[in-house]
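Examination of the molecular architecture
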Amino acid sequence: MNREDDLGHRDIEAALATRRELGARYDAELVDGFAERIERAVERRVSEEVALRQRHTVGAEGGRLRQFVLGVISLGVGVPVTIVPMVATDNGLPAVVVAWLGIAAVNAAHASAVTGRRPERH
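Residues numbered from 1 in each chain as written. Predicted model: local features only at pLDDT ≥ 70, side-chain atom pairs only at ≥ 80, totals over all residues. Heavy atoms only, no water.

**Quick notes on the overall build of the protein**
Each helix and strand counted, the protein has three helices and zero strands in total. Taken from the N to the C terminus, the helices and strands of the protein come in the order α-α-α. A buried classification covers 11% of the 122 residues belonging to the protein. Relative to all contacts within the protein whose residues are 6 or more apart in sequence, the contacts with residues 24 or more apart total 58%. (Helix = DSSP H or I, 4+ residues; strand = E, 2+ residues; numbered from the N terminus. Buried < 20%, exposed > 50% of the residue type's maximum accessible area, 1.4 Å probe, protein only. Contact = heavy atoms within 4.5 Å.)

Here it is in structure tokens:
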């Protein structure tokens, strides 16, 4: 942050003191200079806010894309995880249930990290 653009009570007092010293014939220059500093401060604050919102939007969009990709990969992994225990063993259902619970937990954890919220418990 540039001190020149940082406006405060002291700046206003300094401008008024300068006006008192220089007299009324320099009012236009004093006002123009102060107005320029106000404009620069407003522009800086607006650009900071815009940059913050853009970072937030880009991060949210990237998170949704990652969540979608994770869901697709989870389904791709889930098919063989379901087929192999069911075919290879007499009772593969417990292994399948545990595997799908793990897949669901990974997806839920990622979704809560992306949205910044935890799922509600009832």
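**A look at a nonpolar patch on the surface**
Among the surface-exposed residues, Val 79, Ile 83, Met 86, Val 87, Leu 93, Val 97 and Leu 101 lie close enough to one another that they form a single nonpolar patch of about 670 Å² accessible area. Listing elements by their share of the nonpolar patch, those giving two or more residues are helix 2 (27-88) and helix 3 (93-115). A per-element tally of the nonpolar patch places helix 2 first, with four residues. Under the relative-accessibility criterion, Met 86 is labelled partly exposed at 43%. (Patch = residues over 30% accessible without salt bridge, like charges linked within 9 Å, V, L, I, M, F, W, Y side chains within 5 Å. Areas by Shrake-Rupley, 256 points an atom, 1.4 Å probe, with all protein chains shown as cover. Salt bridge = Lys/Arg side-chain N within 4 Å of Asp/Glu carboxyl O.)

**Brief notes about the environment of Ile 83**
Inspection of the secondary structure puts Ile 83 in helix 2. Residues Ile 83 and Val 96, 13 residues apart in the sequence, show an inter-C-alpha distance of 8.5 Å.

**Considering the pattern of salt bridges**
Taken as a whole and judged by the stated rule, the model has one salt bridge. A salt bridge links Glu 48 to Arg 44; its shortest N-O distance comes to 3.6 Å. With Glu 48 and Arg 44 both in helix 2, this residue pair falls four residues apart, about one helical turn. For Glu 48, a relative accessible area of 44% gives the class partly exposed.

**With respect to the environment of Gly 71**
For Gly 71, the location among the structural elements is in helix 2. Judged by its relative accessible area of 24%, Gly 71 falls in the partly exposed class. A C-alpha to C-alpha distance of 9.7 Å links Gly 71 and Val 106, two positions 35 residues apart in sequence.

**Considering the side chain of Ser 74**
By the element assignment, Ser 74 lies in helix 2. The exposure class assigned to Ser 74 is buried, which follows from its relative accessible area of 10%. Contact partners of Ser 74, with chain neighbours within four places excluded, come to Trp 100, Ile 103 and Asn 107.

**Concerning a negative patch on the surface**
Taken together, the side chains of Glu 29, Asp 32, Glu 36, Glu 39 and Glu 43 present a region of like negative charge at the surface. We classify Asp 32 as partly exposed; its relative accessible area is 45%. (Lys, Arg positive; Asp, Glu negative; His and termini not counted. Charge placed at Lys NZ, Arg CZ, Asp CG, Glu CD.)

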